[in-house]
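Secondary and tertiary structure notes
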Amino acid sequence: RCQGCHNDRYFRANESSTFAPELVPSFSGRLSPRAVTVSYGSGQIMGYAVQDTLEFGSIKVKNQSFIIVEEASLPARRSWDGICGL
């Protein structure tokens, strides 16, 4: 979990039956989650590309791609969540 994200809301991938990390071959030929780094003018996030089915009330979005943030270097005193790309 992101150590720099000061928020009590977390995405729990192990509680989702539709969660799927985006897998890519590593140098050894094994599949591993695709690491992602995004730099902003005011900071940077690092995490993994994933997909899941999202539900907002009666609206269901299947295979929505997003980034699970593991590390963040972002400005303080802002309300940040650990999921980006929604």
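Residues numbered from 1 in each chain as written. Predicted model: local features only at pLDDT ≥ 70, side-chain atom pairs only at ≥ 80, totals over all residues. Heavy atoms only, no water.

Here the structure, examined in full by the defined rule, presents one salt bridge. Two residues, Glu 22 and Arg 34, come together in a salt bridge whose shortest N-O distance is 2.5 Å. Note that Glu 22 is positioned in the loop between strand 1 (20-21) and strand 2 (23-25) and Arg 34 in the loop between strand 3 (31-33) and strand 4 (35-40), a separation of 12 residues in sequence. The exposure class of Arg 34 is partly exposed, given its relative accessible area of 33%. (Salt bridge = Lys/Arg side-chain N within 4 Å of Asp/Glu carboxyl O. Helix = DSSP H or I, 4+ residues; strand = E, 2+ residues; numbered from the N terminus. Buried < 20%, exposed > 50% of the residue type's maximum accessible area, 1.4 Å probe, protein only.)

On to the pairing of strand 4. Note that strand 4 and strand 5 (residues 43-56) share six bridges and pair antiparallel. Its bridge partner being in strand 5, Thr 37 is matched across the sheet by Met 46. Linking strand 4 back to strand 5 in an antiparallel pair, the connection comprises two residues. (Pairing = 2+ DSSP bridges.)

Further remarks concern the pairing of strand 6 (residues 59-73). As paired elements, strand 5 and strand 6 share 12 bridges and run antiparallel to each other. Opposite Ala 49, over in strand 6, you have Ile 67 as the bridge partner. Once strand 5 ends, the chain turns through two residues before running back antiparallel as strand 6, passing Gly 57 with a positive phi of about 65°.

Structurally, the position occupied by Asp 52 is in strand 5. One polar contact links Asp 52 to Thr 18, side chain to side chain, over a distance of 2.3 Å. One polar contact links the side chain of Asp 52 to the main-chain amide nitrogen of Phe 19, over a distance of 3.2 Å. Filtering out sequence-adjacent residues up to four positions away, Asp 52 remains in contact with Phe 11, Ser 16, Thr 18, Phe 19, Val 61, Lys 62, Asn 63, Gln 64 and Phe 66. (Polar contact = N/O pair within 3.5 Å; in protein donor to acceptor, adjacent residues only side chain to side chain. Contact = heavy atoms within 4.5 Å.)

This part takes up the environment of Gln 64. Relative to the helices and strands, Gln 64 is located in strand 6. What makes Gln 64 partly exposed here is its relative accessible area of 22%. Sequence separation of Gln 64 and Asp 52 is 12 residues, and the distance between their C-alpha atoms is 5.5 Å.

Time to look at the environment of Ser 39. Structurally, Ser 39 can be placed in strand 4. When its relative accessible area of 53% is taken as the criterion, Ser 39 is described as exposed. In this structure the C-alpha to C-alpha distance between Ser 39 and Leu 74, which are 35 residues apart in sequence, comes to 9.8 Å. Side-chain polar atoms of Ser 39 contact the side chain of Gln 44, separated by 3.1 Å.

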